[in-house]
Amino acid sequence: RRVARLSAKAETPENADRWRVLEGKDPGADELRAKLKDLKLAIEDKEDEIEENVLMLQELDSLVQRMTSEAASGRAESLELARTINDLVTKIQSTGDETKSTVSELALCQATSERLQLEAETLKRRLAEARERVARGEAPDDEAEKW
């Protein structure tokens, strides 16, 4: 009951606390038409502005798409470049390993060559001695003398 009474009191137009007098006057039909014309012009201006914004957004969207594809292409190029670099680094390492192996083999060959040169010099000296001994009528070497 109390709620119904308070609601009725709030809804009654005779309640002076519920409303106040607004100052000014109501516009006439001509003023309303002029205001309506101004509002229509403002709406047209805003529609033109919206159209321009839509065109700019479309242009920006196409730029973003183009730049995105260029960036993706750049990533693909970077990836290909990285793969090429990795291949080259692998080849360089392989060539370095092969070079080390070849140097090792060369060192072994050089050692063998030096040993064979010493052996050849020794054999040449023994041959020269054997020829001298044969020229003197002796056995070519001590081993042949034992026979």
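To start, this report covers the structure provided alongside it. (Residues numbered from 1 in each chain as written. Predicted model: local features only at pLDDT ≥ 70, side-chain atom pairs only at ≥ 80, totals over all residues. Heavy atoms only, no water.)

What to know about helix 2 (residues 29-135)
Okay, step 1: Over its 107 residues, helix 2 runs 154 Å from end to end, which matches the ideal 159 Å to within 8%, given 1.5 Å per residue.
Okay, step 2: Following helix 2 by one or two positions, Gly137 has its phi on the positive side, about 90°. (Helix = DSSP H or I, 4+ residues; strand = E, 2+ residues; numbered from the N terminus. Expected span 1.5 Å × (residues − 1).)

Brief notes about the environment of Ala72
Okay, step 1: For Ala72, the position within the fold is in helix 2.
Okay, step 2: Ala72 sits 25 residues away from Glu47 along the chain, and the two C-alpha atoms are 37 Å apart.

Some remarks on the pattern of salt bridges
Okay, step 1: On inspection of all chains with the given rule, the structure shows 9 salt bridges.
Okay, step 2: For Lys46, the salt bridge goes to Glu49, with nearest N and O atoms at 3.9 Å. Note that Lys46 and Glu49 are positioned in helix 2 at a spacing of 3 residues, about one turn of the helix.
Okay, step 3: With its nearest N and O atoms 3.8 Å apart, the salt bridge here joins Glu119 to Arg115. Taken as a pair, Glu119 and Arg115 lie in helix 2 at a separation of 4 residues, close to a single helical turn.
Okay, step 4: Residues joined by salt bridges that share partners form a network here, namely Arg133, Arg136, Glu138 and Asp142. (Salt bridge = Lys/Arg side-chain N within 4 Å of Asp/Glu carboxyl O.)

Details of a nonpolar patch on the surface
Okay, step 1: On the surface, Leu57, Leu60 and Leu63 cluster together into a nonpolar patch covering about 270 Å² of accessible area.
Okay, step 2: The residue Leu63 is located in helix 2 in this model.
Okay, step 3: Classification of Leu63 by relative accessible area gives partly exposed; the value is 31%. (Patch = residues over 30% accessible without salt bridge, like charges linked within 9 Å, V, L, I, M, F, W, Y side chains within 5 Å. Areas by Shrake-Rupley, 256 points an atom, 1.4 Å probe, with all protein chains shown as cover. Buried < 20%, exposed > 50% of the residue type's maximum accessible area, 1.4 Å probe, protein only.)

Worth remembering: the numbers are spatial, not functional.
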